[in-house]
Each structure stands twice: as C-alpha cells, then as structure tokens.
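Each chain, letter by letter, is given below.
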Amino acid sequence: MSMQEKIGKSRVAYLKNSDDNIKNKDLNNLAYMLHDARTQVRPIVQLSKQGIELSRNEAYQVQEAGIRLREKAGEVRVGLKMGLTSEGKRKQMNLDSPLYGELTDKMRVFAGDKINISVHIHSKIEPEIAFLIASELEGDVTREQVLNATGAVCACLEILDSRYDQFKYFSMEDVIADNSSSSHFVLGPWVKDFKNLDLRELKMQMFVDGKVAQEALSSEISGDPVVSVIELCRLLALNGRKLKTGTFVLAGAATPAVPLKPGMQVELKVDQLPAVNVSAAGVKK
C-alpha cells in the first residue's frame, strides 16, 4: 500500500488546498492531517503506527508545511523552541536527541493569565529558560557568540500538546512533524543584565497549587541552556535556515512535564530571574 493510500484511510485528503511550494504532496497532506487534529481537538494515530515512515528531513518539511497553514490563518512566527534537551525528558518520552519546533504569536499566553485547555488534547507544562536574540546567528556558533547575540533572558513555561492518540509511544519523526508538541508558552519579564549570571547553575522550581512539583538546576537543560541555542543553530542550518534577530528561543525543559488540569495554578521560580505564572481554565473534552 502506498503512503497516499495509508493517509487516505486515516483522514480525508486535503490535497486540493496544497501549497505549490511543497513539492511532496504526501508530506503536505500529513501537515493538513495534523493541522486538522489540532483545530478540531481530535487526535490521530501516530504516523509511524500508520506505517508512514519519514526521514528527519521529511518530518521537518511536514512541520514547516503546518506552520505555513498557521500563517495563512494570520499567525506570525515569533520564536522557536528546543525539545528533549534534558535526560529526564528524553527518558519520559523514550526518545533520543534534541529537536526544535516553531512558535507563533497566537501561542503566547501572558503571565498571570489563564489558558483554556479545553482546546487541547493532552495538556502538559514544563519549566524553561528563554533567550531573546538581538543579532543573527547561523551555523556552527560558540557559547560566546550566543551570549553576545543574546539581548535578554527570562524564566518561562511551555505548554505542550500532542496531536496523537497518546502523549507517548511515538518516533522522533512523529514528534517533529507535529511541531515538536508545541502548543503555548508563557514568558516571564526579560532580564537584560544577565552577563554575571551563571546560566548553568540556576535553581529552577515549578510550583503547582503552591507545592513544588518539579525542581532542577538549569544545567539539566542540555548541560547548559546556551548549548540548546548552539544546537538549534546547527539544526536550522541543516534545513538552510538561520536564527533571526528579534526572535526568541525556549531552551528546553529542565524536568519532565507535568499534566495540566483545569483549575491548576502554576508558578516557575528561577534563581535571579523574575518568577512567571499561569493558571489553567476550561473543561477538557
């Protein structure tokens, strides 16, 4: 059975709306499948479980096609996120290496606000550190170059949501194609004067309803959060891209994610950075 036949059996094809810039119409169709799963709050079977085999490069092409669909709906790219940067997170997901996803303006939840998780399938939340990129970075970069190109840092929370039947038991390619499980993010206040901070040794505590749910040092993020930005530049270069001025990067989680449920109050405290908080609202379908 061809890939197209497998796709057709799992979801109605959307090829009539395909982007002419995407030469592989099967990959474009996979993007529509995942887009439909997200907008309809209706999960699909993991692509790998459908017998659809993708290379890493093809998975990123599916991700890119999905972001173009969001852009057609009026969304604007504002940043990127790294995923699977901590050993704990990789063990939780049973996956082997870091990956990236795209962030848009519509994914942002402002600190102190409520996020409606009724439009999510499997909401989870995790503690991170973000970098505001003040000058362009490309290819193989050094730690010093990343720090010099960074205009500010902040504590942040990322809300994840998989568009697959279960938030586990999938391949790296499944995750990448699904925009690395990106859903929403909450940025704390930016700190411009961070040069004297040891970004590898910041204590991070995520509180749920006033109690510590997860804690770790920032070194759990790739051994050094700056390394996440270095790795992102390398991954982007493989796809002919660069890290642009004015965007920001979520460096990845320091701990495994926590399921997000209605009524939960979540706060992240990071040494020497302002705290950030968000609450969950809505009734999950």
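Thresholds, definitions, all that
- Residues numbered from 1 in each chain as written.
- Predicted model: local features only at pLDDT ≥ 70, side-chain atom pairs only at ≥ 80, totals over all residues.
- Heavy atoms only, no water.
- Helix = DSSP H or I, 4+ residues; strand = E, 2+ residues; numbered from the N terminus.
- Buried < 20%, exposed > 50% of the residue type's maximum accessible area, 1.4 Å probe, protein only.
- Contact = heavy atoms within 4.5 Å.
- Areas by Shrake-Rupley, 256 points an atom, 1.4 Å probe, with all protein chains shown as cover.
- Pairing = 2+ DSSP bridges.
- Axes fitted to C-alpha atoms, helices over the stretch in contact; angles between N-to-C directions.
- Salt bridge = Lys/Arg side-chain N within 4 Å of Asp/Glu carboxyl O.
- 1 Å grid on protein atoms, 1.4 Å probe; cavity = no way out; pocket = protein on both sides within 12 Å on 5 of 7 lines; lining within 4 Å.
- Points joined across faces, edges and corners; volume = space filled by probe spheres on them.
- Nonpolar A, V, L, I, M, F, W, Y, C, P; charged D, E, K, R; others polar.
- Expected span 1.5 Å × (residues − 1).
- pLDDT = per-residue confidence, 0-100.
- Phe/Tyr/Trp six-rings, centres within 6.5 Å; stacked < 30°, edge-to-face > 60°.

**Quick notes on the overall build of the chain**
Link 1 in the chain: A count of helical and extended segments in the chain gives seven helices and 12 strands.
Link 2 in the chain: Relative to its 285 residues, the chain shows a buried fraction of 54%.
Link 3 in the chain: Look at the contacts in the chain between residues 6 or more apart in sequence, and 75% of them connect residues 24 or more apart.
Link 4 in the chain: Surface summary for the chain: the accessible area is close to 12,400 Å², and the carbon and sulfur share equals 48%.

**Here's the deal with the pairing of strand β7 (residues 203–208)**
Link 1 in the chain: The buried fraction of β7 is high, at five of six residues.
Link 2 in the chain: Sheet analysis places β7 next to strand β8 (residues 211–217), joined by six bridges and oriented antiparallel. Directly across from Val208, in β8, lies its bridge partner Lys211.
Link 3 in the chain: Between β7 and β8, which follow one another and run antiparallel, lie two residues, and Asp209 among them has a positive phi close to 55°.
Link 4 in the chain: In terms of strand pairing, β7 meets strand β11 (residues 265–270) through five bridges, oriented antiparallel. Across the sheet, Met206 pairs through a bridge with Leu268, a residue of β11.

**Focus: the sheet that holds strand β12 (residues 273–281)**
Link 1 in the chain: The strand order β3-β12-β11-β7-β8 describes an open sheet built from five strands, whose pairing is mixed. A single partner strand is all that each edge strand has here, and the edge strands are β3 (114–116) and β8. When strand polarity is set aside, the average angle formed by the axes of neighbouring strands in this sheet is 20°.

**Focus: the pattern of salt bridges**
Link 1 in the chain: Going through the model one piece at a time under the given rule, you end up with 15 salt bridges.
Link 2 in the chain: Here the residues in one salt-bridge network are Glu64, Arg68, Glu71, Arg77, Glu102 and Arg241, joined through shared partners.

**Some remarks on the side chain of Thr247**
Link 1 in the chain: For Thr247, the position within the fold is in the loop between α7 (225–238) and β9 (248–250).
Link 2 in the chain: We classify Thr247 as buried; its relative accessible area is 16%.
Link 3 in the chain: Each residue touching Thr247, except ones within four places of it in the same chain, is listed here: Val78, Gly79, Phe131, Leu132 and Ile133.

**Let's talk about empty space enclosed by the protein**
Link 1 in the chain: In total, this model carries three cavities of 30 Å³ or more according to the counting rule given.
Link 2 in the chain: Approximately 150 Å³ is the volume attributed to the largest cavity.
Link 3 in the chain: Elements with a minimum of two residues in the lining of the largest cavity: α2 (25–39) and α3 (56–72).
Link 4 in the chain: Per-element accounting of the lining of the largest cavity gives the leading share, five residues, to α3.
Link 5 in the chain: Here the residues of the lining of the largest cavity are counted per class, giving five nonpolar, four polar and four charged.

**Things to note about α3**
Link 1 in the chain: Compared with the 24 Å implied by 1.5 Å per residue over 17 residues, the 25 Å span of α3 between its first and last C-alpha is a close match.
Link 2 in the chain: Taken as a whole, α3 has its buried residues at Ala59, Tyr60, Val62, Gln63, Glu64, Ala65, Gly66, Ile67, Leu69 and Arg70.

**Notes on α7**
Given 3.6 residues to a turn, an α-helix orients residues that are three or four positions apart in the same direction.
Link 1 in the chain: End to end, α7 covers 21 Å across 14 residues, agreeing with the expected 20 Å (1.5 Å per residue, within 8%).
Link 2 in the chain: Among the residues making up α7, those that are buried are Pro225, Val226, Ser228, Val229, Leu232, Cys233, Leu235 and Leu236.
Link 3 in the chain: The elements touched by buried residues of α7 are α3, β1 (77–83), β2 (99–104), β4 (124–133), α5 (143–149) and β9.
Link 4 in the chain: Two residues or fewer after α7 comes Gly240, characterised by a positive phi angle close to 70°.

**Remarks on the confidence of the model for the chain**
Link 1 in the chain: Here the chain averages 88 in pLDDT, while 85% of its residues score no lower than 70.
Link 2 in the chain: Note that pLDDT drops below 50 for residues 2–25; the model gives that stretch 45 contacts with residues more than four away or on any other chain.

**Some words on the packing of aromatic side chains**
Link 1 in the chain: Throughout the structure, instances matching the rule amount to three aromatic pairs.
Link 2 in the chain: When the centroid spacing of 4.4 Å and the interplanar angle of 20° are considered together, the rings of Tyr60 and Tyr100 count as stacked. Within this pair, whereas Tyr60 is found in helix α3, its partner Tyr100 is found in strand β2, the two being separated by 40 residues in sequence.
Link 3 in the chain: When its relative accessible area of 11% is taken as the criterion, Tyr60 is described as buried.
Link 4 in the chain: Measuring from ring centre to ring centre gives 6.4 Å for Trp190 and Phe248, while their planes differ by 55°; the resulting arrangement is tilted.

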